[in-house]
Amino acid sequence: MEVKAFVWNSGELKILNQLKLPQTEEWLSLKSYKEVAKAIKDMVVRGAPAIGCVGAYGFVLGVKYEKVDPEEVFQTLKNTRPTAVNLFWALERVKKALESGQDVEEEAKAIEREDYETNLKMGKIGNTLIPEGARILTHCNTGALATTGYGTALGVIRSAFRSGKNIFVWVDETRPYLQGSRLTAWELAKEGIPHKIITDSTAGFLMSKKMVDIIIVGADRITLRGDVANKIGTYTLAVLAKEHKIPFYVVAPASTFDPKLFSGEEIPIEERRGEEVKSCFGCKVAPTESGALHWGFDVTPAELIDAIITEKGIIQKPTPEKIKRVLGI
Ligand code: MRU
C-alpha cells in the first residue's frame, strides 16, 4: 500500500508534514481553514491534486465547522499558491456545491475518491507506453504524496512495476525543495522499486550516454494548446529529450487542464522567496549578500511533448483539437 498525504476525519484534517520527510513522519492536526491555507502556502502539503483536495477540505472546515463567510474562506485558500489549477478547480467545485445547497463535506470526499480512481486509471493507461526493462527518468514528486494516493507520473511507474515489468527509475533530486530525493525516492524505496537519485544537472549527460529510455513527469496546469506548467527543471528535460530522441510523457488528470488559457505564457508562475534557494533545509549554502531567483515552475511547450496521459485516454502530440476530443470539452 502506498502512503497517504492527508486524512480527513469529520472536522479534522490530518496532514503528513512533507517538509520533515524522510527523516520524520510527523502528522499535523488542522482544524481551521487558516491552518490549511498556511500548510498549502508553506508546502507542508504540496503537489497539484493534493493541494486541490486539501483546499476543498479547508473550505469545508471554514464554512461548515467554523461558520465563516464562504467568500472569505474561498479567497484565503485561493491566495496560497498560484500555478496548480487543481486548487482553483476543487475550490470552485465545493463553492458551487454550497451554493446549490449540497453538503460540501460530501463534495470534498467525492473529489478525494475521484482523484484516487483517476490515478489508478492513468496508471493502467500509461503502463501501455512503458516497455519491459525501461529506464525511466522522473522529476519532482508526483506520487501518493502529491495526490490522494497512488500518483500521476509515479502512478504510471507504480503500475508498470506492479504489472511485473523490470523497470528502473532515475530520480531528479529537484532543487531546492528536494521533492525528488526526499519524497519520490522515499515512496520508491517503500515499494521496492529499483532507483537511483541524481542531481538535476546530471540528467543531460545521462541521456547522452543512452542511460534513459523514457521521461515521465506530472503537471500543475495544462493549457488548451497543450503547454504544460510543471516543477522548475521540466522544460530543460524536455529540450534534452528532444535532442536525444527520448520519449517525453506528461501524466495528468482532466482537473489539471485549464482550457480557459490557450498558451503557456498565460500561466501564472509562482515565484517563491530567494532565501529558499540560498539555504538547504536550515543550512546556509550562499552568501547573505547574494540575491537569488526562485521560480517554482516552468512551462514546456506542447511541441516538446510526445504524449499527455489522462484518465480519459492518451493525447499523442497534443493539439487543441486532440485535447478537446479526448477530454470531451
Ligand atoms: O511545488 P510542488 O511540490 O507542489 O510541485 C509539484 C509538481 O510540480 C508536480 O510535478 C505536480 O504537482 C504534478 S504531481 C501530481
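Cut-offs and rules
Residues numbered from 1 in each chain as written. Predicted model: local features only at pLDDT ≥ 70, side-chain atom pairs only at ≥ 80, totals over all residues. Heavy atoms only, no water. Near = heavy atom within 4 Å. Polar contact = N/O pair within 3.5 Å; in protein donor to acceptor, adjacent residues only side chain to side chain. Areas by Shrake-Rupley, 256 points an atom, 1.4 Å probe, with all protein chains shown as cover. Helix = DSSP H or I, 4+ residues; strand = E, 2+ residues; numbered from the N terminus. Nonpolar A, V, L, I, M, F, W, Y, C, P; charged D, E, K, R; others polar. Axes fitted to C-alpha atoms, helices over the stretch in contact; angles between N-to-C directions. Parallel < 35°, antiparallel > 145°, perpendicular 65-115°, else oblique. Contact = heavy atoms within 4.5 Å. Disulfide = S-S within 2.5 Å. Buried < 20%, exposed > 50% of the residue type's maximum accessible area, 1.4 Å probe, protein only. Pairing = 2+ DSSP bridges.

Asks: Please clarify how the site of the ligand should be interpreted in this entry.
Replies: As a structural note, the neighbourhood of the ligand is formed by 19 residues, with Arg46, Arg81, Asp220, Asn230 and Lys231 the closest of them. With respect to the ligand, the backbone of Gly47 contributes an N or O atom lying 3.0 Å from an oxygen atom. For the ligand, the protein covers 99% of the area, taking 410 Å² as the surface of the free molecule. Secondary-structure elements contributing two or more residues to the shell around the ligand are α2 (48–65) and β9 (228–231). The class makeup of the residues in the shell around the ligand is seven nonpolar, eight polar and four charged.

Asks: Would you explain the packing of α2 against helix α5 (residues 104–127) in this entry?
Replies: Each pair of packed helices can be summarised by the angle the axes make with each other and by the distance between the axes. Contact pair α2 / α5: the axes reach a minimum separation of 9 Å and the direction vectors enclose 170°. Taken together, the axes of α2 and α5 lie roughly antiparallel to each other. The segment α2 lies against α5, with Pro49, Cys53, Ala56, Tyr57, Phe59, Val60, Val63, Lys64 and Tyr65 engaging Val104, Glu105, Ala108, Lys109, Ile111, Glu112 and Asp115. Residues that form the contact of α2 with α5 fall into these classes: 11 nonpolar, no polar and five charged.

Asks: I tried to follow the state of the cysteines on my own but got confused; where do I start?
Replies: Covalent bonding between the sulfur atoms of two cysteines defines a disulfide. According to the stated counting rule, one finds zero disulfides in the structure shown. Left unpaired, Cys140 is separated from the closest cysteine sulfur, that of Cys280, by 15 Å. Residue classification places Cys140 among the buried positions, given a relative accessible area of 8%. Cysteine Cys280 remains unbridged, with the sulfur of Cys283 as its closest cysteine sulfur at 7.1 Å.

Asks: Sorry if this is basic, but what is going on with the sheet that holds strand β2 (residues 12–16) here?
Replies: Two strands in a sheet stick together by hydrogen bonds in their backbones, pointing the same way (parallel) or opposite ways (antiparallel). The strand order across the open sheet built from three strands is β1-β2-β3, with neighbouring strands paired in antiparallel fashion. Looking at strand neighbours, the two that pair on one side only are β1 (6–9) and β3 (27–30), the edges of this open sheet. Averaged over all pairs of adjacent strands, the angle between their axes in this sheet comes to 20°, without regard to strand direction. Pairing of β2 with β3 involves four bridges; the strand directions are antiparallel. Residue Lys14 lies in a different strand from β3, and its bridge partner there is Ser29.

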